[in-house]
Amino acid sequence: MQRLSAEASRRAEEARLAVERQWFEGVRPECRPSVEDISRMKEQYHYCPGFIHIAVVGSAGAGKSSFINAVRGLSKNDPVAAPTGTTDTVARYADPQQDSRMIWYNVPGSGTPNVSDWQYFNDMGLYIFDCIVVLTDNRVLDSDLSILRACKPFKNIEAFIVRSKSDQHINRMVCEKMPQGFDPCDPDMDAETRSLFLLNKLEERQRFIDETCQGVQMHLEREMLPPKKVYIVCMDGILATANKIRSSKAIDEADLLSDIKGFVLKRLQSGC
């Protein structure tokens, strides 16, 4: 009996040390929110029954404010546009479109001094949202993957992976292939150089799309998460698409807006 008691004590101590080790390593043990937690966060975020609440998350500087403006069809100079820049508080924005039932939230970047990765999902109350847009502007970060992993047990949350600033990345890739001193904004560019530039841009655009999709799927597979579409966009492309204007920069902007609207309609029809 004493031997069994000692063995149980040893296992309990090992479990306690394992949890402590997770905390010290920055990996928070899974913690399901209580009914009180959900009620408190809904009140804090002014949750409205009958509306779809969409959180835009990602690292600081990923372009969350610009994204929220663009999907709402607003330029940064619009009076009701979300201010750009780093913030450490959650900002709430109604959709200005007539009869829209969407409410957008700009959630501070994970990994910033006030919000570490292991706290992010639960402490920010992301479990109350209907939809979470994980916005990346370069590669997929561990903090992005931790959000996607945390979403998995919550069947009420739809997650979208969005790669932003595609135009900037593609232009940089093209310029690296052009002769030294090349200026894409040169008004006096000769026809041969312009032709080479456009050819390289077409090739690098496709390379960027392929590498982005492969990279995201590789990270998802590594974390044992199911395959998921990544939407490759830029803010100019989203803004143009939202306002029904054709854009040469657009890649997945139309698909993203269509899929979000489709999700919103389906969720509203189900009674939220």
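Residues numbered from 1 in each chain as written. Predicted model: local features only at pLDDT ≥ 70, side-chain atom pairs only at ≥ 80, totals over all residues. Heavy atoms only, no water.

Undergrad: Go over the overall build of the chain, please, and point to the residues and values.
TA: Across its full length, the chain holds nine helices and six strands. In the chain, buried positions account for 40% of the 272 residues. Excluding contacts between residues fewer than 6 apart, the proportion of contacts in the chain whose partners are at least 24 apart in sequence is 68%. A total of about 15,700 Å² of accessible surface is found on the chain, and carbon and sulfur atoms cover 52% of it. (Helix = DSSP H or I, 4+ residues; strand = E, 2+ residues; numbered from the N terminus. Buried < 20%, exposed > 50% of the residue type's maximum accessible area, 1.4 Å probe, protein only. Contact = heavy atoms within 4.5 Å. Areas by Shrake-Rupley, 256 points an atom, 1.4 Å probe, with all protein chains shown as cover.)

Undergrad: Please give an account of the pairing of strand β4 (residues 131-136) that cites residues and values.
TA: Among the six residues of β4, six are classified as buried, and the element is accordingly described as predominantly covered. Burial along β4 is two-sided: Cys-131, Val-133 and Leu-135 and Ile-132, Val-134 and Thr-136, pointing in opposite directions, are all buried. Inspection of the sheet shows strand β1 (residues 52-57) paired to β4 by four bridges, in the parallel sense. By the bridge assignment for β4, Val-56 is matched with Val-133. With six bridges joining them, β4 and strand β5 (residues 158-163) adopt parallel strand pairing. The residue of β5 that forms the bridge with Leu-135 is Val-162. (Pairing = 2+ DSSP bridges.)

Undergrad: So what about the state of the cysteines? Which residues, and what values?
TA: A complete count under the given rule lists zero disulfides for this structure. Of the cysteine sulfurs around Cys-175, a residue in no disulfide, the closest is that of Cys-185, at 8.4 Å. In this structure Cys-175 comes out as partly exposed when scored by relative accessible area, which is 29%. (Disulfide = S-S within 2.5 Å.)

Undergrad: Please provide a residue-by-residue account of the nonpolar core, values included.
TA: Formed by 30 residues in total, the largest nonpolar core has its most connected members in Val-57, Val-107, Phe-121, Leu-126, Phe-129, Ile-132 and Ile-147. Of all elements in the fold, only β1, β3 (102-106), α4 (120-123), β4, α5 (142-151), β5 and α7 (191-222) reach the threshold of two or more residues within this core. Per-element accounting of this core gives the leading share, four residues, to α5. When residues no more than four places from it in sequence are discounted, the contact partners of Leu-126 are Ala-55, Val-57, Val-107, Tyr-120, Phe-121, Ile-132, Ile-147 and Ile-157. Among the nonpolar cores identified, the runner-up in size contains 27 residues, and Val-71, Ala-82, Met-102 and Phe-263 belong to it. (Core = buried A, V, L, I, M, F, W, Y, C linked by side-chain atoms within 4.5 Å.)

Undergrad: I'd like a rundown of unusual backbone geometry, residues and numbers included.
TA: A positive phi is found at Asp-99, a non-glycine position, where the angle reads about 65°. For Asp-99, the location among the structural elements is in the loop between β2 (91-94) and β3.

Undergrad: Now, about the packing of helix α3 (residues 64-71) against helix α8 (residues 235-242): what can you tell me, with residues and values included?
TA: Where α3 meets α8, the closest approach of the two axes is 8 Å, and the angle between their N-to-C directions is 20°. Classed by the angle they form, the pair α3 and α8 counts as roughly parallel. Pair α3 / α8 crosses with right-handed handedness. In this structure, α3 contributes Ser-66, Phe-67, Ala-70 and Val-71 to the contact, and α8 contributes Met-235, Ile-238, Leu-239 and Ala-242. (Axes fitted to C-alpha atoms, helices over the stretch in contact; angles between N-to-C directions. Parallel < 35°, antiparallel > 145°, perpendicular 65-115°, else oblique. Left-handed = near helix turned anticlockwise from the far one by under 90°.)

Undergrad: With reference to specific residues and values, describe α8.
TA: Since the α-helix advances by 3.6 residues per turn, residues separated by three or four positions end up pointing in the same direction. Residues of α8 that are buried include every one of Met-235, Gly-237, Ile-238 and Ala-240, and no others. On the buried face of α8, the contacting elements are α3 and α9 (253-269).

Undergrad: Kindly report on the pattern of salt bridges, identifying the contributing residues and their values.
TA: Enumeration according to the criterion identifies 13 salt bridges in this entry. In this structure, the salt-bridge partner of Glu-203 is Lys-177, at a minimum N-O distance of 3.3 Å. Residue Glu-203 is located in helix α7, and its partner Lys-177 is located in helix α6 (residues 166-177); the two are separated by 26 residues in the primary sequence. The partly exposed category is assigned to Glu-203, whose relative accessible area is 40%. You can call Lys-177 partly exposed: its relative accessible area is 42%. (Salt bridge = Lys/Arg side-chain N within 4 Å of Asp/Glu carboxyl O.)

Undergrad: Mind laying out the sheet that holds β3, listing which residues take part and the relevant values?
TA: Pairing is mixed across the open sheet formed by six strands, whose spatial order is β2-β3-β1-β4-β5-β6. What marks the edges here is a single partner per strand, and that holds for β2 and β6 (230-232). Pairs of neighbouring strands in the sheet enclose a mean axial angle of 25°, with direction left out of account. In this sheet, β6 lies alongside β5 in parallel orientation, the contact comprising three bridges. Each bridged residue has a counterpart across the sheet, and for Ile-161 the counterpart in β6 is Val-230. Along the sheet face, α7 touches β5 and β6 and points at about 155° away from the line of β6.

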